[in-house]
Every structure is written in structure tokens, then in C-alpha cells.
Amino acid sequence: MDDLRSGGIDCDIHPAVPALAALLPYLDAHWREAVVQRGLDELRTVDFPPSAPLSARPDWHGASSVAAVGAEVLDPFGTQIAICNCLYGVPMLFTEDMAAALARAVNDWIAREWLDQDPRLRAGIVVSPQNPEFAVDEIERCAADPRFVQVLLPVADELPPGRRAHWPIYAAAARHRLPVAFHGGTTSKHAPSAVGWPSFVTEEYVGRAPAFQGALTSLVCEGVFARFPDLRVVLLGSGVTWLPAHLWRLTKFWRGLRMEVPWLDRPPAEIVREHVRLTAQPFDLPADPAQFGAILDQLGSDALLLFATDYPHWHFDGTDALPAGIAPALARRIMVDNPRATYPRLTETVS
Amino acid sequence: MPRHVVATLRELPPGGRKRVAVDGRDIVLFNVGGEVFALADRCPHQGGRLSEGRLVGLVEAAEPGRYTWSRGGEIVRCPWHGWEFDLRTGRSRCEPSRLRTRAYDVSIEPADPGPVETFAVTVEARRIVVDVPGR
Amino acid sequence: MNVTVRPLATTPAASRLSVIDCDIHPARSTPDALAPYLEQRWQDLAATFGTPRRLGYQEGVAYPKGQPNAARRDAWPPEGGPPGSSLPFMQAQHLEPNGVAFGILNPLGATGQGFRNLDLAAAYARAVNDWQIAEWVGRDARLRASVVVSYEDPPAAVAEIERRAGDRAFAQVLLLTRTAEPLGQRRYWPIYEAAAAAGLPVGIHAFGYGGWPMTAGGWPSYYIEEMTGHAACAQTQLISLLLEGVFARIPALRVVMIEAGFAWAPALLWRLDRHWARMRAETPHLTRPPSHYARESVWWTTQPMEEPERHRHLLDVINWLGWDRLLFATDYPHWDFDDPAAVLPSGGTDAERRALFHDNAAALYGLA
């Protein structure tokens, strides 16, 4: 197994902004003063409370330090490349100018303090979805740096992600061959579920699966992939095992309601298999590892999954980030081939 | 190919439909603007009677939001689950190529979709004749 | 000659099965059909001020259906009235040919559920229950009613459950999935306690109007999204019921998830167990993994049955969930009706199939 584990591309690690103060050098004079004068100390989200078991493996402490990330996750996994997806609370803001300024700051901070420090690192572009024009500007600005390999968006925001208001973002992403990655968690501009506010962190986290289902339905039904045939979407930390049943249901209704969304000229399941990828942690497998084969068969494609540790989040121990008993050829696909196929910019920058 | 007289045109004026049994098969006839179509009266999905379905036009879209409508009345929607079938070919609008490939795929699995049987129709001396393959 | 012949899909053995249909939707023949069961003052109030729910329309819906009344096109009774409004036609079109031994009625529409005026909601719910008895269960011994309750007003809901307790005409208490708060939250617990005390399962049927968007990211655009989303909504409710410890607190409670499909259930339970195990300090009221409670206390109706490209995938799911957890339902007279003779792929033993179509529901609802 050791050979399987080395040389992989880790598609989801989460460097943490240690405090808003860390971003001050990357804000312009106006926003630097505004942030300080107004006492804005922190934009840490409710997702992943710092001491909750899910939030960090007990032996993983270093999400705020590039050196620790190297020692704790890149070295042990023999990681060739890792994609930094910073989940700072920029999309939750209601002031779109401030959000745009902070998105720029996070991206510059990532470039200087992470990408410049470790050649194995790449990053997703943090944007302000509050204003798609600003988001496009930020994509254009960051796309000049080939180490930015995708665009990051929250899976649940003000409008479902397929809505046409978002399309300029997808156009810009496709133009620069950047997949759009939706990460779990909501901007809380609506309740995190279709029935209101859950009581528990566990509840909201488990409920990310239905939230991703709604977002994926939207992307497909609105015709995002019909309009942007080159666009690739990555679901980050979505869980995996909910996908087959969801596609069966959506495809069943499509057969009866095609005339409502006639731009869908083939089964939604097929569209998803072509355009959508999922990181493989968490996977949400059953306790019985013998069922893994049946689940893969239901997924219907070995191109869907991308290797990820979801560092520092705690889903597994040791270096067993892949499902037990996975065949070597499939492990290779998940760890290297699928990420390379998904992220064109990786093959440009990986020698 | 056995030929069966199933109706007269008087019984099936434009806009009309008629359910007939031929050699043990239930067949629905549609007269769409003077042109007569015959389909097996059974949706291959769960068995809804297409003779109870509505005839609609063909809705297509080259891209999201750009709806086009054509061929009014030439598509039948199953009365149950709304699956659309082209009167001219019997093929599903959703998955015509898949259904074509499965047309010769003998399967007894109930939810397995396939094309509706269509039958060639000729109008002779105001009698409607349907060619139905022998059993 | 453009003939294409393929075998027609039939399952003769299944079509002869005796089935218990756990989701039949009776409709009112006319808009005022409830009047004989509704006090005059409530009729007057509704006529004057309407019956607002948490949506923008009094008449009409924001997600227009694929066909009128979301009904099978062949389900409109010949004597007039909307689909599901004629008992003789229902008998002739559905109960007789489909071998329905028992049918559970789940009234939808303006039943009081989700009405913003809670007094009006309770009055309507009570009237709908009387109407079910007088016009349906009293006229066909195969049918059973559901206790429609105004669930956003738990004391009124409890009173209605207690009013019907012991009446064998009622098979369950009926809630909808689109509620004002997640159904595991404690404001709803008195409903579950009353249902358990009355020996009635609680059926949670898809739909309703809770005021929240269908997705965590807002309102989708299309009916196909709303339809697909009902499964996600049902998942959310089940997560809430399990993590709030409703089944741990009320062991006699039995819940049926209705008309949201079931193929999502195994993966949801795996996900729940995995993350609960990591985070269990937050929910100390659970002494066992969430799936253990589900496997004892939760059932799923089969419709709309998921239709994978490969039939064996559906059988995988049924085996993961357990044949004993599934209750057959047609959803008659609605458009996403499942035909008992055609919907379930071949597979499973005769006993397993009999359990799914009949025996599980007979045991759960006490039907014999």
C-alpha cells in the first residue's frame, strides 16, 4: 500500500487564516484602517468549531503554519501537490465591497505565505459571490498566477448555484480552465436546511449532504453545463455515498419533466459523470468494507473521485485516506490521474 | 406482414384517437391533422396507456432559456409519468438513441424503458389498416 | 414498416400480489365538500380571509406541476371532480385491479396543515378527519384514515390525536415534511408522545409549506428541482429526529417517511453514524449510533421508487436498508404513481417481496 500513498495529489487541504490581523498587510489603506477602526477582529465561521473532534485530528495542529502542514500531511503522505482551500468567512459578509477587499487579501496572503513557501502547494481562488462582477475581477487577477487552480464558492449562498446570476463566474472560470469548487457550509443567508435551523453542529454537518444535493440539482437543471460545456465542478468535502441515489431520483423526474428544462438533452446522471468530481474525504462508507465495490459500481465511473485528506478535519486516522481494500489501479486514478484530468493547471505546473 | 382493418376514417377524424386490439395487441391510433399514427398502447416504463395521454408539441432548447416549440401534437406524453414519445418513431424524447439500442434488447425487467411499438399505417379506401407483425 | 417490437414489461406474479397501499390521496369533489364537517364560523372565516399558508399564493403554486393537479391524466373521474375525489372510480381504477387489500389515506391540499391561522388550522384538520371517515373509510372497508393534525400548534395536534385515539378507522398521525422547524425539535415532542400513547405511527409525508427555501442556498427555479428536493428535505427531517434523540426518548414511537423515496436512506445512515461517532459528545442523549434507532423505529414508503440504470443497484439499496423497513405505496392518483405490477425489479425472496408489498404494513398499522 505504501507505494499507493506516495506521490498523490491532495485536492483538499484547509489552511486557516490565524486571525484577521494576518490579512492587514494585504488590505489597501482604506480597508486596513476600516477594519481596525471598526474593531473587526475575526471572521471565523460557525463551521468546524476549533475544539470539535471533527474539526481537527488530534495529531494535526498546524493548519495555520505552512511548515506544520508540510510535516503533518504533505510529508507523511508523500504528497506531490496539495490544493489549499481557505474557508475564511468572506462569503458570509453582506457588504460586497468589503468582501471583495478581503477576498483579494486572502488570495494574496495565500500566494505569499503558502504558495511561495512550499512548491508543493496550489490554491483555490477565494471570491466574493456577493457580487459576481467582483468575483470575475478577482478570478481574472489571480488567474495570472498558474498556482491558482480553481475557484472556490460556498455550496449554499443567497441563490442556488445554477441561477444565471452566477454565470459570469462560470464563464470566467471556464475561460481560464479553472474548475469551480463548491465547499461545504452555508453563508447562512438562508437557514442551512429546508426546514429551518438545526440544533447541533453534528446535525448541520450531516445535513451538508442534502445541501450539496440541492446545489447539484440546481447546477444541472439550470443548464450550467449546457451553457458551459468545458466547465468542471468539484464538490469539496461533500461526502460521496449520497450521489447515486440522488442521481437516480433526478434522472427519474427528468424523464417526466424534460419539457420544463429542455436544454437537458441527456440524462442528468450522465451530465454529472462528465462534469462533476468529488473529493473522497469524507466518503461516508458503511461499516462493512465489502460494500465498497457495490458503491463504486453505483457511482458508474472511476473518474469521479479525487484524493483528499480534508486536512486538518478528522475523518480517518494514520494515512488510510483511501477506502480499505481499494484496487491499486483505482487508487492511482483517484490519487493522480483524476486530479490531473480535473485540474488542467496542475499538469502545466507539475514537471 | 399481416394486415388488419382497424377503423374507418370517419371513426377517426383529425384530432381523434382510437384504441383498437389487433391480434391480441392494444394499439392506439391518433389522427393528427389528417395524418394517422399507430402506437402500442402501453408505455414501456410502467404500462400507462398512451391512449389516455395528451398530445403536445416538441419543446427543445439550444441553450438554457431559449425554448422553441414545433411539431404541435406529434408528441404523446404518457398519462402517468409524463414520458414523451414521438408519434413518428415511438422513440422516447429523453433518450432516443439509448432506446433505439435497447429496442432489440429483450428484457423482462419491468422498469426497463424501451421504445413504444409503432406500426406502419396506410389509409386505404377510407379504412385504416395497420401492419402488425405476426406473433 | 417501422415496427420495433420488444417484450412488454409485465410481472404476472407481482400483479397478483395482495398489496397494502400506504399512500392514497383522497380529494374533495367540490371546493365546499368539507362544509358539512366544518363549523359555520370557520367556513365564514376562510371565505372572508382565505387560508394563507407560508407561500405567496392562495390559489396556484409557485412551482407549476408537470400536469394538472399533479395527477395521472387518466385519473379524472368520469362523473366530474378532481382526481382522487370519486370512491367508485378509485375502486374501479385502482383498488380492484391493483389488488389493494388495504389503503392508507393521506389527504393533502387545504387540510389545515401549514395554515398560518392556527385556530383555523385545527378546525380544518378536525373536519378533514371527519370527512375521511364519513366519505371514505365508512364506505370502503379497505381504507384507513390518517389523523391530520395542525402540527405547528402541538397542543391542538395532541387534542386531535387524543380525540381519534382508539378509533380503528385511523391508521396513523400525518405530518408533512416542510415544517417551520426541524421535526426533531422539542416543540413537536408532545405530538410524538400522543401518537405513541395512542399506538399510532407518525407518517411524515413530503410537501407542505414551511416558509423556508427548498435548499440551503435558496429557492430553486424549477418544479423538477422542487420534486427532487423533497428527498433532501426528508433527509433533513430524519437527521433531526435521530440526533435530537426523539426515538431514544419515546421508544414506542414509530415513524414512516412517505413519498420521498428510500434509496437515499442507507447512505444517510452511514453518514450519520460516522459523524455522530466522532461528535457524540454533542448529543449525549443518544446511547447508540443513530442508525440503530432508525432500524427499529423508522419505515419508508417505496414511492417514488428510484430507478437506477441497473436494477441490481436498487436491490443493493433494499438489502442495505432491509426489506422489513419498506412499505409499498402507489401515490394514487398522482402523476408519479408506482404500479405494483411493474415498479419493483425482480429480486428478493417471495417472502421479502410479500413483506414489502403487504406484510410490513399489516404489522405496522395492525391491518388484518
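No experiment lies behind these values; they were computed from the predicted model shown.

**Section: the overall build of chain A**
On a plain count of helices and strands, chain A comes out with 14 helices and 8 strands. Its C-alpha atoms give chain A a radius of gyration of 19 Å, within 12% of the compact-globule value 20 Å for 351 residues. Overall, chain A is about 55 × 50 × 45 Å in size when its C-alpha atoms are taken along their principal axes. Partitioning the intrachain contacts of chain A with sequence separation of at least 6 by distance along the chain shows that 81% fall at a separation of at least 24.

**Overview of the sheet that holds strand 6 (residues 67–77) of chain B**
Residue and element names in this part refer to chain B. Spatial ordering of the open sheet is given by 5-6-7, a layout of 3 strands whose pairing is antiparallel. The open sheet is flanked by strand 5 (54–61) and strand 7 (84–86), the only strands paired with a single partner. For this sheet, the mean inter-axis angle between neighbouring strands, taken without regard to orientation, is 60 degrees. With 3 bridges connecting them, strand 6 and strand 7 associate as antiparallel partners. By the bridge assignment for strand 7, isoleucine 75 is matched with aspartate 86.

**Examining helix 12 (residues 350–365) of chain C**
All names here are of chain C. The terminal C-alpha atoms of helix 12, which comprises 16 residues, lie 21 Å apart, in line with the 22 Å expected from a rise of 1.5 Å per residue. Leucine 356 marks the point of greatest bend in helix 12, at about 60 degrees. Within helix 12, the full set of buried residues consists of Arg353, Ala355, Leu356, Phe357, His358, Asn360, Ala361 and Tyr365. A positive backbone phi angle near 65 degrees is found at glycine 366, which sits one or two residues after helix 12.

**Points about the pairing of strand 3 (residues 25–32) of chain B**
Residues and elements named next belong to chain B. The pairing of strand 2 (residues 17–22) with strand 3 spans 6 bridges and is antiparallel. For valine 20, the partnering residue across the bridge sits in strand 3 and is isoleucine 27. Connecting the antiparallel pair strand 2 and strand 3 is a turn made up of 2 residues, with aspartate 23 showing a positive phi of about 50 degrees. Alignment of strand 3 against strand 4 (residues 35–40), held across 6 bridges, turns out to be antiparallel. Within strand 4, the residue paired with isoleucine 27 across the bridge is alanine 40. Here strand 3 hands over to strand 4 after 2 residues, with glycine 33 in that stretch at a positive phi of 60 degrees.

**Some remarks on unusual backbone geometry**
Leave glycine aside and you will find that most residues have negative phi; peptide bonds, for their part, are mostly trans. In the segment running from tyrosine 311 of chain A into proline 312 of chain A, the intervening peptide bond is cis, with an omega of 5 degrees. Here the residue pair glutamine 303 of chain C and proline 304 of chain C is connected by a cis peptide bond, since its omega of -10 degrees sits within 30 degrees of zero. Following the sequence through the fold, proline 304 of chain C ends up in the loop between strand 7 (298–301) and helix 11 (311–321). Residue serine 188 of chain A is not a glycine yet carries a positive backbone phi of 60 degrees. Relative to the elements of secondary structure, serine 188 of chain A occurs in the loop between strand 5 (180–186) and helix 7 (201–206). The backbone of alanine 70 of chain C shows a phi angle near 50 degrees, a positive value even though the residue is not glycine. Among the structural elements, alanine 70 of chain C can be located in the loop between helix 2 (40–49) and helix 3 (87–95).

**Details of the interface of chain B and chain A**
Each partner contributes to the interface: chain B provides 13 residues, whereas chain A provides 13 residues. Broken down by element, the residue count for the side of chain B that touches chain A peaks at 3 residues, all from strand 5 of chain B. Here the residues of the side of chain B that touches chain A sort into 6 nonpolar, 2 polar and 5 charged.

**Looking at the sheet that holds strand 3 of chain B**
Residue and element names in this part refer to chain B. Strands sit in the order 2-3-4 across an open sheet of 3 strands; the sheet is antiparallel. In this open sheet, the two strands that pair with only one neighbour each are strand 2 and strand 4. If you compare each strand with its neighbour and ignore which way they point, the axes differ by 25 degrees on average.

**Some points on the interface of chain A and chain C**
With 61 residues of chain A in contact, the opposing surface of chain C contributes 56 residues. Contributions of two or more residues to the side of chain A that touches chain C are made by strand 4 (148–156), helix 7, helix 8 (208–221), helix 10 (243–257) and helix 12 (292–299) of chain A. The element that contributes the greatest number of residues to the side of chain A that touches chain C is helix 10 of chain A, accounting for 11 residues. Looking at the side of chain A that touches chain C, its residues break down into 36 nonpolar, 16 polar and 9 charged.

**Structural notes on the nonpolar core**
If you look at the biggest cluster of nonpolar residues, it comprises 252 residues, and the most contacted ones within it are Val106 and Val151 of chain A. The biggest single contributor to this core is helix 7 (residues 223–243) of chain C, with 12 residues. Beyond its immediate chain neighbours, meaning those up to four positions away, valine 151 of chain A contacts Gly124, Ile125, Val127, Ile139, Ile169, Ala173, Leu178, Val180 and Ala181 of chain A. Counting residues in hydrophobic clusters, the runner-up holds 5 residues, among them Met305, Ala341, Ala342 and Val343 of chain C.

**Considerations on the packing of helix 10 of chain A against helix 11 (residues 268–275) of chain A**
All names here are of chain A. At a minimum axis separation of 8 Å, helix 10 and helix 11 run at an interaxial angle of 130 degrees. Our classification of the angle between helix 10 and helix 11 gives oblique. Contacts between helix 10 and helix 11 involve Leu247, Leu250, Thr251 and Trp254 on the former and, on the latter, Pro268, Ala269 and Val272.

**Things to note about the environment of leucine 27 of chain A**
All names here are of chain A. Relative to the helices and strands, leucine 27 is located in the loop between strand 1 (9–13) and helix 2 (29–37). Overall, the presence of 21 C-beta atoms within 10 Å leaves leucine 27 in the buried class. Sequence separation between leucine 27 and alanine 101 is 74 residues, and the spatial gap between their C-alpha atoms is 6.7 Å. What leucine 27 contacts, discounting residues up to four positions off in sequence, is Arg32, Val35, Ala101 and Ala105.

**As for helix 6 (residues 167–175) of chain A**
Residue and element names in this part refer to chain A. For helix 6, the full list of buried residues reads Ile169, Tyr170, Ala172 and Ala173. One side of helix 6 carries all its buried residues, which in axial view fall inside an arc of 165 degrees. Taken together, the buried residues of helix 6 touch helix 5 (132–143), strand 4, strand 5 and helix 9 (224–227). Looking one or two places after helix 6, you find arginine 177, whose phi comes out positive at around 55 degrees.

**Details of the environment of alanine 125 of chain C**
Residue and element names in this part refer to chain C. Residue position: alanine 125 is located in helix 4 (residues 118–137). Residue class for alanine 125 comes out buried when judged on the 24 C-beta atoms lying within 10 Å of it. Along the backbone, alanine 125 and proline 107 are 18 residues apart, and their C-alpha atoms lie at a distance of 9.9 Å. When neighbours within four sequence positions are excluded, alanine 125 is seen to be in contact with Thr111, Gly112, Gln113, Val148, Val149, Ser150 and Glu160.

**Details of the packing of helix 4 (residues 96–115) of chain A against helix 5 of chain A**
Residue and element names in this part refer to chain A. Direction vectors running N to C along helix 4 and helix 5 enclose 15 degrees, while the axes themselves pass 10 Å from each other. Taken together, the axis directions place helix 4 and helix 5 in an arrangement best described as roughly parallel. Of the two elements, helix 4 crosses helix 5, and the hand of that crossing is right-handed. Across the interface between the two elements, Glu96, Ala100, Ala103, Arg104 and Asn107 of helix 4 pack against Phe134, Glu138 and Cys142 of helix 5. In terms of residue class, the contact of helix 4 with helix 5 is made up of 4 nonpolar, 1 polar and 3 charged.

What counts, and at which threshold
Residues numbered from 1 in each chain as written. Chains lettered and ligands numbered in written order. Predicted model: local features only at pLDDT ≥ 70, side-chain atom pairs only at ≥ 80, totals over all residues. Helix = DSSP H or I, 4+ residues; strand = E, 2+ residues; numbered from the N terminus. Rg over C-alpha atoms; globule rule 2.2 N^0.38 Å. Contact = placed C-beta atoms within 7 Å. Pairing = 2+ DSSP bridges. Axes fitted to C-alpha atoms, helices over the stretch in contact; angles between N-to-C directions. Expected span 1.5 Å × (residues − 1). Bend = angle between axes of the 7 residues up to and from the residue. Buried ≥ 20, exposed ≤ 12 C-beta atoms within 10 Å, placed from the backbone. Nonpolar A, V, L, I, M, F, W, Y, C, P; charged D, E, K, R; others polar. Core = buried A, V, L, I, M, F, W, Y, C linked by C-beta atoms within 7 Å. Parallel < 35°, antiparallel > 145°, perpendicular 65-115°, else oblique. Arc of directions from axis to C-beta. Left-handed = near helix turned anticlockwise from the far one by under 90°.

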